[in-house]
Protein chains: 2
Amino acid sequence: MELAGWQVSGKIDYDKLIDKFGCQRLDQSLIDRVHRLTGRPPHVFLRRGVFFAHRDFNEILDAYERGDKFYLYTGRGPSSEALHLGHLVPFMFTKYLQDAFKVPLVIQLTDDEKCMWKTLSVEESQRLARENAKDIIACGFDVTRTFIFSDFDYVGGAFYKNMVRVAKCVTYNKVVGIFGFTGEDHIGKVSFPPVQAVPSFPSSFPHLFSGKENLRCLIPCAIDQDPYFRMTRDVAPRIGYHKPALIESSFFPALQGDTGKMSASDPNSAIYVTDTPKEIKDKINRYAFTGGQDTKEKQMLYGANLEVDIPVKYLSFFLDDDAELDYIKQEYGSGRMLTFDVKKQLIEVLTELVERHKRARAAVTDEMVDAFMAVRPLPSMFS
Amino acid sequence: MELAGWQVSGKIDYDKLIDKFGCQRLDQSLIDRVHRLTGRPPHVFLRRGVFFAHRDFNEILDAYERGDKFYLYTGRGPSSEALHLGHLVPFMFTKYLQDAFKVPLVIQLTDDEKCMWKTLSVEESQRLARENAKDIIACGFDVTRTFIFSDFDYVGGAFYKNMVRVAKCVTYNKVVGIFGFTGEDHIGKVSFPPVQAVPSFPSSFPHLFSGKENLRCLIPCAIDQDPYFRMTRDVAPRIGYHKPALIESSFFPALQGDTGKMSASDPNSAIYVTDTPKEIKDKINRYAFTGGQDTKEKQMLYGANLEVDIPVKYLSFFLDDDAELDYIKQEYGSGRMLTFDVKKQLIEVLTELVERHKRARAAVTDEMVDAFMAVRPLPSMFS
C-alpha cells in the first residue's frame, strides 16, 4: 500500500530513514552470520547493501541457530503492467532466503486491494493475480514449500478471524496517520490494512501451520512498507502473536536516476520483463542516467561519478561477480572506461536476465499456477 | 448496528420517522394484497401495524404476482443475553413470511460484529452465535428453505467479493454520517457495514442462488435499520444488483413503557425467553407501566389510557384473537375492566408463549443447528 507522505523525490538518505523509522541497520556481522548459518555466500543483495535494514532479523537468526525454523511472507498487488526489474528484486531475494534457510513461504496477491484502489473489476483483478503469479513462479520458487494465494480466493475462516482481531486494535486515526486517508476515501481502503497484516500470523494458514502457531515470520520488503508493518508489529503481542521480523531493501532506481520514480505511465522509466533485447538496448542507451563525462576526453580526464551513475547502480544489483563489478567501477570511475562500454555490459547482463525470465515464464503452465495456489499442506516444510 | 443519533427516548412519532427516512407507509391496500396473494389471513403484526413501513414491498408483490419469487434476509448480532420478546418479533414475522410466500430465507449471525463491538473473543462470539441460532430455529423455521450462517464461518469467496464491491462505493464520511464513528473508533467498525449489506445480493450465496442472481430480496427489520439499508440500496444499482426491499417494524416497548428502552443491564425492563412463569408474573405485576387508574373507583370512573398501557400494547403483539383484544380494549378503556385483570390475561399469554418457546428450544439439537448452518443447496427453494 502507498504510505502517507511517502513521495520518492530527490535523493533518499537511507541513514535518516533508519533513524526516522527506528529500524536497525543490517550490518556486516549479521551478513557474516547468515553466511555461517546457511553455509552459502550471502546473496548479492545482502553483500551490496540492497537489503540494508531490518527489525528483529537477529532474533530470527537466534531462533534458527537454536533449531527453530521460521516462515517467509511477501506479496504483491497485481497490476496490469508487466513486472519491471524493481518488482523482481524482492522475489529474487525471497527465493534466495527460501533456498538458503529451507523454509516455507507464503506469497499474498492482493487482488482485493488493486480492485479497490484502481478502476479494476473483481474479475480483472483476479485474472491479473494469476498472470502475476506466473511471473513470480518464474523466479524459481519451490512448489513443495511455497503457497501463493489471492485474497479474493483465500480471505475467510481463520484468516478472516485474524483480520477482525487486528481491526479491533487499530483506530481510524492510526491508519490515517500511516496511509493519509481522507473522509472522501472509500471504506474499502480503511478496511484493507488488516488484510495485509494477517499473513504475518501462522494461524491465518491452518492448512500450513496447524500446531505451529508459534512459528516466527520474516517479511522481506522495500523499506517504504516499514510503517505499515510497524502497525502489524504493534498489534501482534496484543492478540497473542509474535511480532513479524522484517528485512528491508532500498528502492530500485528509475532509469532516469535516483531522483526519478519508475512509473507505469512512462514505460521508458524502467526495464520490463517483457522488453525485447532491442528495447532494453535502446532504453539503456537513451535513458539511463550517466555519471560519465560528456566527451571521451573529459571522461578520460575526470572519470565518472559512480554515485549517480545508473548503469553502475543496475550492475550492482544484477552483476553477481564482485571482482568484475569492482573492476568496472575502478576503471569507469578513473576514466579508463567509457560510458558506452559500461552500458554495453549492462545491456548484456539485463538482456540475459530478461530472456531467462521470459523462458522461465513461458514454461509456467496453468496447472503449475493451480499447484502453487492449491490450499494444501506443504510437503517440504523444513527440509 | 447502532445508528448515529439514534436514541430511543420519549415517545416516537412514527409518522415523522417515515417522512424523515423517506420510506413508505404499509397501508391497508398492501395488507389486503398480501392476504389475497398468500391466501392466508395477514399476520397479527401486519393487522395491528407492528410492521408499518416499507420500501418497494409493492414491487416484491408485483413480481410475486407475475410468478417471480424472492428471498428473505434477516439477521441478529449474537449476544450473551438471552433473547427477550422484542428479539423474537422479527423472527416470528419472518417465519410467517416464509410460510406464506414459500420462499428461501438467509439468516446472518454477525458474530464478527459482536466480537468487534463488545469485549468478546472470536471463540466466545462464535459460541453465542450457535446458542442464538437455537433460539432462532425454535421459532419454527423450515430447514429445507432456511440457511443460517455466522460471518466467522461464512465470509469469503463470493461473499467477500461483494463486500469489496460495496466498500468501493461507500466513503468514510458516508458511514460517519450513518453510524457516527469517530477517529478513535477502531477500523473494524468502519469495515463492517459491507458485511451486513451483502446478504441483500443473491450472488453472495452461490450454493443457494447460482443462476438466480436476479432474485429480489426482502428484508424484515426494525425501522432503526432503515438508514443502514438505505446505504445498501444506494450502492446496489451501482454494482449491478437489485435494491433490496424492506418491511419495517416499530419498536417493541420496554415494560416501563414507550419511553423506556429494554436493556441488558436491567433484566426487569423486558421479558426474556428464559424467564420462569413466576418471573413473568412478578415482572408484569411490578414493572409493566399501566394506563389504568390508581384505584378501582377511579378506574371504573375514568377508564384506562390505552395509548400508554403496556399490558394492552403487549397483548396487541401477542394476543392473536382480534375479537378478544377489542373486547379487552373496550372494557379496560371504559373502566369496566381493571388493570389487574388485563395483567392477568397478559401473564397467561406470555407464559404460554415463553413456555412454548422453551419446549421448542429444548428440542433443538446440535445436529439441527449443523443442518441449518450447512453450506448446501436448499431442497425446497420455492415449493
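Basis of the calculations
Residues numbered from 1 in each chain as written. Chains lettered and ligands numbered in written order. Predicted model: local features only at pLDDT ≥ 70, side-chain atom pairs only at ≥ 80, totals over all residues. Heavy atoms only, no water. UniProt positions renumbered as here; feature names shortened; annotations may be inferred. Helix = DSSP H or I, 4+ residues; strand = E, 2+ residues; numbered from the N terminus. Rg over C-alpha atoms; globule rule 2.2 N^0.38 Å. Buried < 20%, exposed > 50% of the residue type's maximum accessible area, 1.4 Å probe, protein only. Contact = heavy atoms within 4.5 Å. Areas by Shrake-Rupley, 256 points an atom, 1.4 Å probe, with all protein chains shown as cover. Lys, Arg positive; Asp, Glu negative; His and termini not counted. Charge placed at Lys NZ, Arg CZ, Asp CG, Glu CD. Axes fitted to C-alpha atoms, helices over the stretch in contact; angles between N-to-C directions. Left-handed = near helix turned anticlockwise from the far one by under 90°. Nonpolar A, V, L, I, M, F, W, Y, C, P; charged D, E, K, R; others polar. Pairing = 2+ DSSP bridges. Buried area = accessible area lost by both parts, 1.4 Å probe. Salt bridge = Lys/Arg side-chain N within 4 Å of Asp/Glu carboxyl O.

Per an unreviewed UniProt entry, chain A goes by Tryptophan--tRNA ligase, cytoplasmic and derives from Punica granatum. Within the UniProt record for chain A, the comment given under Sequence similarities (unreviewed entry) is "Belongs to the class-I aminoacyl-tRNA synthetase family." The Subcellular location (unreviewed entry) comment attached to chain A in UniProt states, word for word, "Cytoplasm".

What follows is about the overall build of chain A. The number of helices and strands found in chain A is 20 helices and seven strands. Over its C-alpha atoms chain A spans a radius of gyration of 21 Å, differing by no more than 12% from the 21 Å that the globule rule assigns to 383 residues. With respect to the three principal axes, the spread of C-alpha positions in chain A is 65 × 50 × 45 Å. The buried share among the 383 residues of chain A stands at 58%. A separation threshold of at least 6 residues defines the contact pool for chain A, and within that pool the share at least 24 residues apart is 80%. Accessible surface, chain A as shown: approximately 15,300 Å² in total, 50% of it carbon and sulfur. Of the charged side chains in chain A, 49 are positive and 52 negative, and the gap between their average positions amounts to 2 Å.

So, on to the packing of helix α15 (residues 277-287) of chain A against helix α19 (residues 339-362) of chain A. Residue and element names in this part refer to chain A. Where α15 contacts α19, the two axes come as close as 9 Å, and the packing angle between them is 145 degrees. Here the hand of the crossing between α15 and α19 comes out right-handed. On α19, the residues touching P277, I280, K281, I284 and N285 of α15 are K343, L346, I347, L350, T351, V354, E355 and K358. When grouped by side-chain class, the residues that make up the contact of α15 with α19 number seven nonpolar, two polar and four charged.

Residues and elements named next belong to chain B. With mixed pairing, seven strands are arranged side by side in an open sheet as β1-β2-β7-β6-β3-β4-β5. Since the sheet does not close on itself, it has two edges, and those belong to β1 (24-25) and β5 (146-150), each with one partner. Pairing geometry for strand β3 (residues 70-76) and strand β6 (residues 216-222), over three bridges, is parallel. Its bridge partner lying in β6, Y71 is registered against C217. Sitting on the sheet, helix α1 (residues 14-21) is in contact with β1 and β2 (51-55), with an inclination near 5 degrees to β2. Across the sheet, helix α20 (residues 366-373) lies against β4 (105-109) and β5, angled at about 95 degrees from β5, the strand it touches most.

With 35 residues of chain A at the contact, the number on the chain B side is 35 residues. Together, the buried faces of chain A and chain B total about 3,000 Å²; carbon and sulfur atoms form 63% of this surface. The largest contributions to the chain A side of the interface with chain B come from Y160(A), K168(A) and I187(A), which together make up 24% of the buried area. Scanning the region where chain A abuts chain B turns up two salt bridges. A salt bridge links R165(B) to E123(A); the shortest N-O distance between them is 2.8 Å.

With that settled, the discussion passes to the sheet that holds strand β3 (residues 70-76) of chain A. Residues and elements named next belong to chain A. On the basis of which strands lie adjacent, the open sheet formed by seven strands has the order β1-β2-β7-β6-β3-β4-β5 and mixed pairing. Two strands close off the open sheet at either side, each with one partner strand: β1 (24-25) and β5 (146-150). Packed onto the sheet, helix α5 (residues 85-101) meets β2 (51-55), β3, β4 (105-109), β5, β6 (216-222) and β7 (245-249) and runs at close to 165 degrees relative to β3. Running over the sheet, helix α7 (residues 122-137) touches β3, β4 and β5 and is turned about 160 degrees from β5.

Once that is clear, we can look at the pattern of salt bridges. Residues and elements named next belong to chain A. Overall, the coordinates contain 60 salt bridges over all chains when judged by the stated rule. K189 is the salt-bridge partner of D185, the closest N and O atoms lying 3.1 Å from each other. The exposure classification of D185 matches that of K189, with both residues buried. Overlapping salt bridges, with partners in common, bring together R130, E131, K134, D135, R361, D366 and D370 in one network.

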